[in-house]
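Each chain is listed here by its residues.
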Amino acid sequence: MPARRQTAEIKRRIPRQARAAETAETILEGAAQILEANGLAGFTTNAVAERAGVSIGTLYQYFADKNAILLALAKQQVGLGLADIARALSGEIDPTPEGRVRAMVRAAIHAFRGRQRARKAVLEAVLTQGHHAELMLPVVAFIAQHRVGAAPQAVFATMTPIQMFVMSRAVIGVLRAAVLEEQPFFKSRPYEDELVRLVLAYVGSITKEAAAPSAAER
């Protein structure tokens, strides 16, 4: 009998959890729309609740304040962006090394569903609140996983942790600067090309150095 009641309770809980997740996602989508339209200046919990179609009381059941919404939105978009980058590195889009790097760069550029103003607003909020290091944790874990990858197919398989740190922070820094500065070329092909060149040149230099015979071998 207790087992039967426990099963019934699980069945009741699952739909509630699904609805809760859906409500949270709806609120975050409303937040992203507000940020894209008005930036941080028009970002309030009341505005987000209205755009999401929920009561302010419901919003506060999920998020303590607008800063909590911004942090949750940042975490959500980091996760989605890393999933897109993982597909790019898997060769699903283009199996060649250059194709994988280009797909990775393109996914990074077009993260946040292409919402540049919302992306800038969230980035500014994250930096102001001091959550940057926290948001880098899933990025660091992702890099560690894909550095070893499925060699020899893994693009970054030959790189050391230090080299991965330098390359990833270089790319992240260039992306961040372009977003914060609202560079008009951000989604352009030439900008994408230069980021691809940056990654390929660095990886190529490391690969060439690793393949060169040592002094003892010559």
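Residues numbered from 1 in each chain as written. Predicted model: local features only at pLDDT ≥ 70, side-chain atom pairs only at ≥ 80, totals over all residues. Heavy atoms only, no water.

> Pulling in residues and values, what's your account of the overall build of the chain?
For the chain, the count of helices and strands is nine helices and zero strands. Buried residues in the chain amount to 35% of all 218 residues. By sequence separation, contacts in the chain at least 24 residues apart represent 65% of the contacts at least 6 residues apart. Accessible surface for the chain amounts to roughly 12500 Å². Of this, 58% is attributable to carbon and sulfur atoms. (Helix = DSSP H or I, 4+ residues; strand = E, 2+ residues; numbered from the N terminus. Buried < 20%, exposed > 50% of the residue type's maximum accessible area, 1.4 Å probe, protein only. Contact = heavy atoms within 4.5 Å. Areas by Shrake-Rupley, 256 points an atom, 1.4 Å probe, with all protein chains shown as cover.)

> How would you sum up the packing of helix 6 (residues 116-129) against helix 8 (residues 161-180)? Please name residues and give values.
The contact between helix 6 and helix 8 brings their axes to 9 Å, and the two run at 110°. By the angle class used here, helix 6 and helix 8 are roughly perpendicular. Where helix 6 crosses over helix 8, the handedness of that crossing is left-handed. Residues Gln116, Arg119, Lys120, Leu123, Glu124 and Leu127 of helix 6 pack against Arg176, Val179 and Leu180 of helix 8. (Axes fitted to C-alpha atoms, helices over the stretch in contact; angles between N-to-C directions. Parallel < 35°, antiparallel > 145°, perpendicular 65-115°, else oblique. Left-handed = near helix turned anticlockwise from the far one by under 90°.)

> Give a detailed account of the packing of aromatic side chains, specifying residues and quantitative values.
What the rule picks out here adds up to two aromatic pairs. Ring centres of Phe185 and Tyr191 lie 5.3 Å apart, and the angle between their planes is 40°; on these two criteria the pair is classed as tilted. When its relative accessible area of 36% is taken as the criterion, Phe185 is described as partly exposed. Judged by its relative accessible area of 9%, Tyr191 falls in the buried class. Each ring, one from Phe186 and one from Tyr191, has its centre 5.6 Å from the other, and the planes form 40°; the classification is tilted. Three or more aromatic residues link up through ring pairs in this structure, and these residues are Phe185, Phe186 and Tyr191. (Phe/Tyr/Trp six-rings, centres within 6.5 Å; stacked < 30°, edge-to-face > 60°.)

> Could you give an account of unusual backbone geometry, with specific residues and numbers?
Backbone geometry at Phe112 places phi at a positive 65°, although glycine is not the residue there. Within the element layout of this structure, Phe112 appears in the loop between helix 5 (97-109) and helix 6. A positive phi angle is found at Arg113, which is not glycine, with a value near 55°. Tracing the backbone through its elements, the reader meets Arg113 in the loop between helix 5 and helix 6. Residue Arg113 is classed as exposed on the basis of its relative accessible area of 57%.

> An account of the nonpolar core is requested, with residue identities and associated values reported.
Counting 31 residues, the largest nonpolar core has Met104, Phe156, Leu175 and Val199 as the members making the most contacts within it. Taken together, the elements giving at least two residues each to this core come down to helix 4 (66-89), helix 5, helix 7 (132-148), helix 8 and helix 9 (189-211). Take this core: its biggest share by element is seven residues, from helix 5. When near neighbours in sequence (up to four residues on either side) are disregarded, Val199 contacts Val101, Met104, Phe156, Met167 and Val171. In terms of nonpolar packing, the next biggest core, distinct from the first, is built from 26 residues, Ala24, Phe43, Phe63 and Leu135 among them. (Core = buried A, V, L, I, M, F, W, Y, C linked by side-chain atoms within 4.5 Å.)

> Explain the confidence of the model for the chain residue by residue, including any values.
In this model, the chain carries a mean pLDDT of 85, and residues with pLDDT of at least 70 account for 85%. Per-residue pLDDT, averaged within each element of the chain, yields its smallest value for helix 1 (residues 2-38) (76) and its largest for helix 2 (residues 45-52) (97). Here residues 8-14 scores under 50 on pLDDT; set against residues more than four positions off or in separate chains, the count is one contact. Note that residues 148-153 has pLDDT below 50 and, in this model, five contacts with residues that lie over four places away or in other chains. (pLDDT = per-residue confidence, 0-100.)

> Residues and numbers for the packing of helix 4 against helix 6, please.
Contact geometry of helix 4 with helix 6 gives a least axis separation of 10 Å together with a crossing angle of 115°. The orientation of helix 4 with respect to helix 6, classified from their angle, is roughly perpendicular. Read as a crossing pair, helix 4 and helix 6 show a hand that is left-handed. Within the contact between the two elements, helix 4 uses Asn67, Leu70, Leu73 and Ala74 and helix 6 uses Val122, Ala125, Val126 and Gln129.

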